[in-house]
Amino acid sequence: KTPSEETRINSVALCPASAPYTTLDRVFNAKLDMYTLATGAAYEAMMYREAIINGLYEFLALRDWYRETSAATGMHPTLLRKWISRQVIHLCPVAPHWCEHVWRTLMGNTTSILNARWPTDLPADADHALLSAGEYMMKLVKSVRDAEASLQRRSKKKGSKEAQAGEFNPSEPKTLDIFVASSFPQWQEDVISVLKECFDAATSTFDDKAIQAALGQRGLLKNKKAMPFAQVTKKRISLLGPAAFDRALTFAEIDVLSALLPYMSNNMGYSRVNIVDLGNADELGSALATVAESAVPGEPGILVAKA
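Residues numbered from 1 in each chain as written. Predicted model: local features only at pLDDT ≥ 70, side-chain atom pairs only at ≥ 80, totals over all residues. Heavy atoms only, no water.

**Q** Would you take a moment to explain the overall build of the protein chain for this structure?
**A** Per the secondary structure count, the protein chain includes 11 helices and 7 strands. The principal-axis extent of the C-alpha atoms belonging to the protein chain is close to 70 × 55 × 35 Å. Considering the protein chain as a whole, with its 307 residues, one finds that 38% of them fall into the buried category. Relative to all contacts within the protein chain whose residues are 6 or more apart in sequence, the contacts with residues 24 or more apart total 70%. For the protein chain, the computed accessible surface area is about 17300 Å², with 54% contributed by carbon and sulfur atoms. Where the 34 positive side-chain charges of the protein chain centre and where its 34 negative ones centre are 6 Å apart. (Helix = DSSP H or I, 4+ residues; strand = E, 2+ residues; numbered from the N terminus. Buried < 20%, exposed > 50% of the residue type's maximum accessible area, 1.4 Å probe, protein only. Contact = heavy atoms within 4.5 Å. Areas by Shrake-Rupley, 256 points an atom, 1.4 Å probe, with all protein chains shown as cover. Lys, Arg positive; Asp, Glu negative; His and termini not counted. Charge placed at Lys NZ, Arg CZ, Asp CG, Glu CD.)

**Q** Even after reading the chapter, I still don't get the packing of helix H1 (residues 23-44) against helix H2 (residues 48-69), so can you show me in this structure?
**A** Packed helices, taken two at a time, are described by the angle between their axes plus the distance between the axes. Closest axis-to-axis distance for the H1/H2 pair is 8 Å, and the angle between their directions is 170 degrees. Classified by the interaxial angle, the pair formed by H1 and H2 is roughly antiparallel. For the contact of H1 with H2, the class distribution of residues is 15 nonpolar, 5 polar and 5 charged. (Axes fitted to C-alpha atoms, helices over the stretch in contact; angles between N-to-C directions. Parallel < 35°, antiparallel > 145°, perpendicular 65-115°, else oblique. Nonpolar A, V, L, I, M, F, W, Y, C, P; charged D, E, K, R; others polar.)

**Q** Any chance you could explain H1 here in plain terms?
**A** Owing to its 3.6 residues per turn, the α-helix aligns residues three or four sequence positions apart on the same side. Compared with an ideal rise of 1.5 Å per residue, which puts 22 residues at 32 Å, H1 spans 32 Å between its outermost C-alpha atoms and is within 8% of the ideal. Of all 22 residues making up H1, 16 are buried, and the element is well covered by its neighbours. Downstream of H1 by a residue or two, Met-46 has a phi angle that is positive, lying close to 55 degrees. (Expected span 1.5 Å × (residues − 1).)

**Q** Got a minute to help me understand the layout of surface pockets in this structure?
**A** Over the atoms, a rolled probe matching the size of one water molecule traces out where space is still vacant. When its volume is computed, the largest pocket comes out at roughly 820 Å³. Forming the boundary of the largest pocket are 28 residues, of which Lys-139, Leu-249, Pro-297, Gly-298 and Glu-299 lie nearest the centre. Elements with a contribution of two residues or more to the lining of the largest pocket: helix H5 (128-156), helix H7 (186-197) and helix H9 (226-240). The leading source of residues in the lining of the largest pocket is H5, at 6 residues. Within the lining of the largest pocket, the residues separate by chemical class into 14 nonpolar, 6 polar and 8 charged. (1 Å grid on protein atoms, 1.4 Å probe; cavity = no way out; pocket = protein on both sides within 12 Å on 5 of 7 lines; lining within 4 Å. Points joined across faces, edges and corners; volume = space filled by probe spheres on them.)

**Q** What exactly am I supposed to notice about H7 here?
**A** Over its 12 residues, H7 runs 17 Å from end to end, which matches the ideal 16 Å to within 8%, given 1.5 Å per residue. Those residues of H7 lying buried are Gln-188, Val-191, Ile-192, Val-194 and Leu-195. Around the axis of H7, the buried residues are gathered within 160 degrees of arc, so they sit on the same side. Seen from the buried face of H7, the exposed residues on the opposite side, beyond 90 degrees, are Gln-186 and Glu-197. Against strand S4 (199-200), strand S5 (205-206), helix H8 (208-217) and H9 lie the buried residues of H7. (Arc of directions from axis to C-beta.)

**Q** Got a minute to help me understand the side chain of Thr-39 in this structure?
**A** Locating Thr-39 in the fold gives a position in helix H1. Apart from residues no more than four positions distant in its own chain, Thr-39 is found in contact with Ala-51, Asn-54, Gly-55, His-90 and Trp-118.

**Q** Mind showing me how you'd approach the sheet that holds strand S3 (residues 174-180) here?
**A** Hydrogen bonds between backbone groups are what pair the strands of a sheet, and the pairing can be parallel or antiparallel. Ordered in space as S6-S3-S7, the 3 strands form an open sheet in which the pairing is mixed. Single-partner strands in this sheet number two, and they are strand S6 (270-277) and strand S7 (301-306). Along the sheet, successive strands turn relative to each other by an average axial angle of 15 degrees, direction set aside. Bridge count between S3 and S7: 6 bridges; the pairing is antiparallel. When the bridges of S7 are listed, Ile-178 appears paired with Ile-302. Against the sheet, helix H10 (residues 253-266) makes contact with S3 and S6, and its axis sits at roughly 175 degrees relative to S6, the strand it touches most. (Pairing = 2+ DSSP bridges.)

In structure tokens form, the structure reads like this:
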């Protein structure tokens, strides 16, 4: 095939080699670099079990995820070859004979894998913005599948509204509405502000009594969601440090969702997928508004229904 033609090898779709990278491609590439960096660090520390986990098992899972999510558009040949090359270099220290076969016989290299060097095109650090986008994609797909399972259970329960509408079957025509928020609720921003005021950066601790008092003074304790949200936020800051106070996304949520549309339509079987930007949306009906209220940046509201 010429570089501009799409091809298919053993039911695996490949896009034209000349095609520009999509969001899925760039996320896959960022994860390639992340696992290669982790594998190299593990080898240097003689932590061979960690090297195999990152360089083989996680690497295989990454390939499978990329193959599945890009089935509608095709895997990029350049990135696929990069994955194969990285895989044999990762495993050469522990499986040299197999790696030699792949390197020379299958990949067509004329010199031995033993003369190959560790990849020199690695970044100094992984692209955390793209990695966050990748985690968002995986989390969203899981959330949609969980929503399907929940709807199916409710539709079997006698007397429920879903049961009256008929049993939901994930394999039958279905629709998906995804509500994307452009900003966080004001009460959450107010809780974050209180936590910042009561955080000691020197000791990385919170003054719980001061938090309780400040939340009461601002009337936030009337909101039953405020204290649970404060506790979750405190735990996240304890794990990630003060940088966790900044909840701004490092990627464009709408763009990442748009990249997943072909996967949700073709692989997940949705006859209609509707992405609703709540920052520009018209007035919603009561049923949709209830779902939309749960949306915050990075955690969209999801509504699965029979078509």
